[in-house]
Every structure is written in structure tokens, then in C-alpha cells.
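Analysis of the macromolecular model
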Amino acid sequence: MGEATIGVTPPRVMTIAGTDSGGGAGVAADLRAFAACGVHGCLAVTAVTVQNSVGVSGVHTVPPETVAAQIETVAGDIGLDAVKTGMLAGSAIIEAVAAACERVGIGAGGRTPLVIDPVAASMHGDQLLADEALEAFRALLFPRATVITPNLDEVRLLIGIDVHDRAAQYEAAKVLHGLGPRHVLVKGGHLSEDVDGCVDLLYDGHTFTELPGPRFDTGNTHGGGDSMAAAIASGLARGMAVPDAVAFGKRYIVEAVRHSYPLGAGHGPVSPLWAVRPWWDEPQHAGLAPSTLQ
Ligand code: PXL
């Protein structure tokens with residue numbers, strides 16, 4: 001009989017999000033980011049989307065009580081060191097998520113940090129959140145958040161500020177902080193003024209921190225926001241303070257975009273597994289598989 005080693009339980013992180021049948025965004029992206037960032041990933045599925053690289057052609061939501069049950073049943077047994085949310089689809093699911101988080105101590109005064117990526121639309125503009133749900137986001141989830149990670153499209157939907165320059169990015173961070181999250185990360189990826197770089201802005205109510213990074217000339221950024229928020233949640237689960245977890249998430253996503261790849265006729269995904277080694281090329285596994293193509 002082979003001898004199994006008894007491993008050490010890694011930090012445990014849950015994504016509360018939707019599926020993407022194309023495998024680039026949502027739960028699939030989050031779980032790969034968790035694996036690449038050294039944590040065990042759990043999932044509470046909120047919706048099944050029918051999509052490919054060109055767009056979303058169907059959204060089927062999971063009953064809100066089933067979403068809440070996934071969260072509570074995992075929290076009560078496996079335990080959670082951090083949680084992130086992605087596509088929450090509508091206000092009934094947001095209400096169920098907020099209530100479940102309250103019951104098991106996720107976010108706000110609870111012991112488990114909560115990263116909220118306020119996903120509203122896909123990069124093609126397909127709606128992933130019902131219109132009336134924006135208010136539920138602001139009222140029920142933002143006050144619970146350790147950090148929220150909106151992009152500039154989400155900023156416009158949430159608070160009506162159209163960010164075209166750095167000054168407006170600062171202003172948006174202040175207004176969003178007023179809605180109750182402990183930290184706000186206003187991502188600058190869609191800021192046209194930054195042609196060469198991409199500056200994300202972190203605000204904790206006192207201090208602004210600019211996180212500069214490169215900008216890549218690629219349309220293959222599908223799943224980028226999801227993966228970054230998942231990496232930030234992984235950092236928090238590993239015990240990092242928020243600014244360190246955000247810097248960890250930024251470094252991770254820069255490399256994921258650098259290694260992004262084409263897929264289908266539309267937008268390809270970032271590569272959440274850019275850091276995973278090709279084990280089949282190692283000498284002890286030689287001959288099992290053809291060496292990596294290219
Ligand atoms: O990247 C945002 C996102 C999140 N979750 C799901 C998605 C998308 C974008 O398409 O499909 C399920």
C-alpha cells in the first residue's frame with residue numbers, strides 16, 4: 001500500500017459567484033486563482049450562465065436559499081478564512097448572501113474578511129446583475145465588506161461618477177468609502193488617460209495608496225477582475241493585512257494578464273495558472289506526456 005503524507009490544511013476561501021461555461025470568468029477563474037495562490041477553494045454558485053468568448057446568451061439563477069445553504073454548510077464544517085463575492089445576479093440572492101454572512105460571521109464585525117467584487121456586467125456589456133439589485137449591493141453588502149474592488153464601469157453604475165482622470169478616481173474612492181466598506185480599491189484598467197500604465201487606487205478612509213502597474217495591449221482580459229479579487233481574498237486568508245493582500249493581488253493579476261491567451265472568436269481569458277509548473281516535464285514524470293507545445 002502506498003503511504004499518503006498527512007498534509008497541512010491550507011487556508012480556506014469561498015467564492016460566491018456565477019459559472020461561465022467558457023471557463024474564463026466566474027467560479028472557474030476564482031478556483032484557479034485560489035489554487036495558484038496557495039489556498040483551498042470552496043464555492044457557492046449563484047447562477048449558471050450560458051456563454052462563450054463572444055457573449056452571454058442565458059442566465060439561470062440558483063434559488064436564494066440554496067445559495068445561503070452552500071455558504072452555511074461549508075462555514076459550519078470546513079470553516080472559512082476569507083470569502084469573495086462575484087456575480088450575485090439579483091437582489092433576492094444579495095439578501096440571502098448578506099443574511100448568511102451575518103449568521104456565520106463573514107464580513108463587518110465577524111472574523112472572516114469579505115472581498116466584494118461588485119460584478120454588474122460582462123466585458124461585452126451583457127447584464128449580470130438585475131437593475132434593482134444595485135441598491136441591495138450598496139445597502140446590504142458594502143457595509144459588511146473588508147474591501148470592495150469595482151472597475152470604472154461599476155463605479156459609474158454604483159455612484160454615478162464617470163471617471164476620466166486621476167482626480168475623479170480619488171473622488172469616487174471617497175464616495176464609495178462613505179457607503180461603508182473598510183477599504184475601497186478603484187481599479188484603473190478602464191482609465192483612458194493612462195495609456196502606458198494601469199493605476200489602481202486603494203483608500204481606507206484616511207490614506208490613499210496608488211498601485212501602478214503595466215498596461216498590456218490585449219483584448220484577452222476576460223476574468224481579470226474575478227481573478228484579482230480571488231487573489232486578494234487568498235492573501236487575506238493567508239493572514240496578510242489589506243494593503244499587502246491588495247499588492248499580492250495586483251502582482252498576481254499583472255502576470256495573469258501578461259500570460260493571457262486567445263480563445264474562441266471573442267475575448268480570451270487571463271491565465272490564472274500562469275505560475276503553475278508543468279510537472280509532466282520534470283524528470284521523474286518523463287515519458288508520460290509530450291513536452292509542452294510551442
Ligand atoms: O468577469 C465578470 C464575470 C463574473 N462572473 C461571471 C461572468 C463574468 C463575465 O463574463 O460571466 C459568471
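The structure reproduced in this document is the subject of the present report.

Each value, and the rule that gives it
- Residues numbered from 1 in each chain as written.
- Predicted model: local features only at pLDDT ≥ 70, side-chain atom pairs only at ≥ 80, totals over all residues.
- Heavy atoms only, no water.
- Salt bridge = Lys/Arg side-chain N within 4 Å of Asp/Glu carboxyl O.
- Helix = DSSP H or I, 4+ residues; strand = E, 2+ residues; numbered from the N terminus.
- Buried < 20%, exposed > 50% of the residue type's maximum accessible area, 1.4 Å probe, protein only.
- Axes fitted to C-alpha atoms, helices over the stretch in contact; angles between N-to-C directions.
- Parallel < 35°, antiparallel > 145°, perpendicular 65-115°, else oblique.
- Left-handed = near helix turned anticlockwise from the far one by under 90°.
- Contact = heavy atoms within 4.5 Å.
- Nonpolar A, V, L, I, M, F, W, Y, C, P; charged D, E, K, R; others polar.
- Pairing = 2+ DSSP bridges.
- Near = heavy atom within 4 Å.
- Polar contact = N/O pair within 3.5 Å; in protein donor to acceptor, adjacent residues only side chain to side chain.
- Areas by Shrake-Rupley, 256 points an atom, 1.4 Å probe, with all protein chains shown as cover.

Right, let's get into the pattern of salt bridges. Per the stated rule, a full pass over the model turns up 13 salt bridges. Residue Glu72 pairs with Arg103 through a salt bridge whose shortest N-O separation is 2.6 Å. Of the two residues, Glu72 is situated in helix α2 (residues 64-75) and Arg103 in helix α3 (residues 91-104); the sequence distance between them amounts to 31 residues. Judged by relative accessible area, which is 26%, Glu72 ranks as partly exposed. For Arg103, a relative accessible area of 53% puts it in the exposed group. The residue Lys187 makes a salt bridge to Asp117 at a minimum N-O spacing of 3.9 Å. Placement of Lys187 in the loop between β7 (183-186) and β8 (200-203) and of Asp117 in the loop between β5 (114-116) and α4 (133-141) is noted, with a sequence separation of 70 residues between them. By relative accessible area, which is 2% here, Asp117 ends up buried. Connected through salt bridges with shared partners, the residues Arg12, Asp81 and Arg111 form a single ionic network.

This part is about the packing of helix α1 (residues 26-36) against helix α7 (residues 224-237). Here α1 crosses α7 at 40°, and the two axes come no closer than 8 Å. In terms of their interaxial angle, α1 and α7 are classed as oblique. Pair α1 / α7 crosses with right-handed handedness. In this structure, α1 uses Gly26, Ala29, Asp30, Ala33 and Phe34 to contact α7, whose residues at the interface are Asp226, Ser227, Ala230 and Ser234. Taken together, the residues that form the contact of α1 with α7 break down as four nonpolar, three polar and two charged.

Attention shifts here to the sheet that holds strand β9 (residues 208-211). Pairing within the open sheet is mixed, and its nine strands lie in the order β3-β2-β1-β4-β5-β6-β7-β8-β9. Looking along the sheet, the strands with just one partner apiece sit at the ends: β3 (56-61) and β9. Where strand β2 (residues 40-51) meets β3, five bridges bridge the pair, whose relative direction is antiparallel. Bridged to Val48 within β3 is His60. The sheet contacts of α2 involve β1 (12-20) and β2, and relative to β2 the element is tilted by about 165°.

Below, the discussion takes up the site of the ligand. The immediate surroundings of the ligand are formed by Gly18, Thr19, Ala25, Gly26, Gln51, Met87, Val119, Ser122, Leu128, His222 and Asp226. Between an oxygen atom of the ligand and a side-chain N or O atom of Gln51, the distance comes to 2.5 Å. One of the side-chain nitrogen or oxygen atoms of Asp226 is found 2.7 Å away from an oxygen atom of the ligand. Notes on the ligand: free accessible area 310 Å², of which the protein chains cover 92%. For the shell around the ligand, the residue count by class is four nonpolar, six polar and one charged.

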